[in-house]
Each structure stands twice: as structure tokens, then as C-alpha cells.
Amino acid sequence: KSLVSGANTLNTFNKAQFKTAKYVITLSDGSSTTACEVLVTHNGTDSEGTTYGIVDAQAASLLSAIDVSVSAGTIDLNITTTAGCTATVHGTAHY
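Residues numbered from 1 in each chain as written. Predicted model: local features only at pLDDT ≥ 70, side-chain atom pairs only at ≥ 80, totals over all residues. Heavy atoms only, no water.

## A closer look at the packing of aromatic side chains
So, step 1. Enumeration over the complete set of coordinates arrives at one aromatic pair.
So, step 2. A ring pair is formed by Phe 13 and Phe 18, whose centres lie 6.4 Å apart and whose planes are at 75 degrees; its orientation type is edge-to-face.
So, step 3. Classification of Phe 13 by relative accessible area gives buried; the value is 8%.
So, step 4. When its relative accessible area of 27% is taken as the criterion, Phe 18 is described as partly exposed. (Phe/Tyr/Trp six-rings, centres within 6.5 Å; stacked < 30°, edge-to-face > 60°. Buried < 20%, exposed > 50% of the residue type's maximum accessible area, 1.4 Å probe, protein only.)

## A look at the side chain of Ser 61
So, step 1. Position of Ser 61 among the secondary structure elements: in the loop between β5 (47-56) and β6 (63-70).
So, step 2. Reaching out from Ser 61, the side chain makes a polar contact with the side chain of Asp 56 at a distance of 2.9 Å.
So, step 3. If we skip the residues at most four places from it in the chain, Ser 61 touches Thr 34, Asp 56 and Thr 82. (Helix = DSSP H or I, 4+ residues; strand = E, 2+ residues; numbered from the N terminus. Polar contact = N/O pair within 3.5 Å; in protein donor to acceptor, adjacent residues only side chain to side chain. Contact = heavy atoms within 4.5 Å.)

## Concerning the nonpolar core
So, step 1. With 18 residues, the main nonpolar core has Tyr 23, Ile 25 and Leu 27 as its most contacted residues.
So, step 2. Where this core is concerned, the elements lending two or more residues are β2 (6-14), β3 (20-28), β4 (33-42), β6, β7 (74-81) and β8 (85-94).
So, step 3. Broken down by element, this core gets its largest block of residues, four residues, from β3.
So, step 4. With near-sequence residues (within four places) excluded, Ile 25 lies in contact with Leu 10, Thr 34, Ala 35, Cys 36, Val 38, Ile 66, Leu 77, Thr 88 and Val 89. (Core = buried A, V, L, I, M, F, W, Y, C linked by side-chain atoms within 4.5 Å.)

## Section: the sheet that holds β2
So, step 1. One open sheet holds the three strands; their spatial order is β2-β7-β6, and the pairing between them is antiparallel. Edge positions in the sheet fall to β2 and β6, since each of these pairs with one other strand and no more. Sheet twist, expressed as the mean angle between neighbouring strand axes with direction ignored, is 20 degrees.
So, step 2. Sheet topology note: the β2/β7 ladder contains eight bridges and is antiparallel. Considered in β7, the bridge of Thr 12 is made with Asp 76. (Pairing = 2+ DSSP bridges. Axes fitted to C-alpha atoms, helices over the stretch in contact; angles between N-to-C directions.)

Structure, rendered in C-alpha cells:
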């Protein structure tokens with residue numbers, strides 16, 4: 001998925017169907033690569049996520065921030081990048 005520099009919604013999942021999700025994310029802009037994992041959970045009203053295993057193949061990371069939010073029927077994975085880049089996402093959702 002192509003991302004702009006700044007805030008992006010990277011992924012959403014139906015909060016009625018799934019309670020947790022684990023993502024492996026790779027950001028790349030051709031000369032730079034950043035990888036990380038994100039674990040997300042929610043209780044229907046509130047959501048939380050943690051980002052770990054951040055690995056940069058260069059001095060400056062493409063990743064600025066990751067946030068999780070609750071929308072009407074979905075959980076949204078929001079990512080802020082330091083440059084326009086491409087995101088490759090592999091995820092698993094669990095009930």
C-alpha cells in the first residue's frame with residue numbers, strides 16, 4: 001500500500017469479528033527500509049496497541065508513530081511515516 005508522508009490508515013478490521021491482531025509491517029522507499037511488529041487488542045470500546053521489534057536498515061527511520069483507534073464498527077491501525085513509502089503488511093486476526 002502506498003503511504004504519504006504523515007498520517008495514514010494502514011489497516012482496519014471488524015471489531016465484532018476479531019478481538020486481537022498481530023501485524024508485521026515493512027516500510028520501504030527504495031533506498032530505506034524499516035520493519036516492525038504491532039500487537040493490537042480491544043474490548044469493543046477502547047483499543048490498545050504496542051509496537052516492538054523496530055529495525056531500521058539506515059540511520060533515519062521511516063516510522064514516526066503507530067496508533068490504534070476505534071471507529072463505529074472497526075479497529076483502525078494508523079501509521080505516521082517520515083516520508084512517502086510503500087507498506088507491506090502481513091497480519092493475523094484472532095477472535
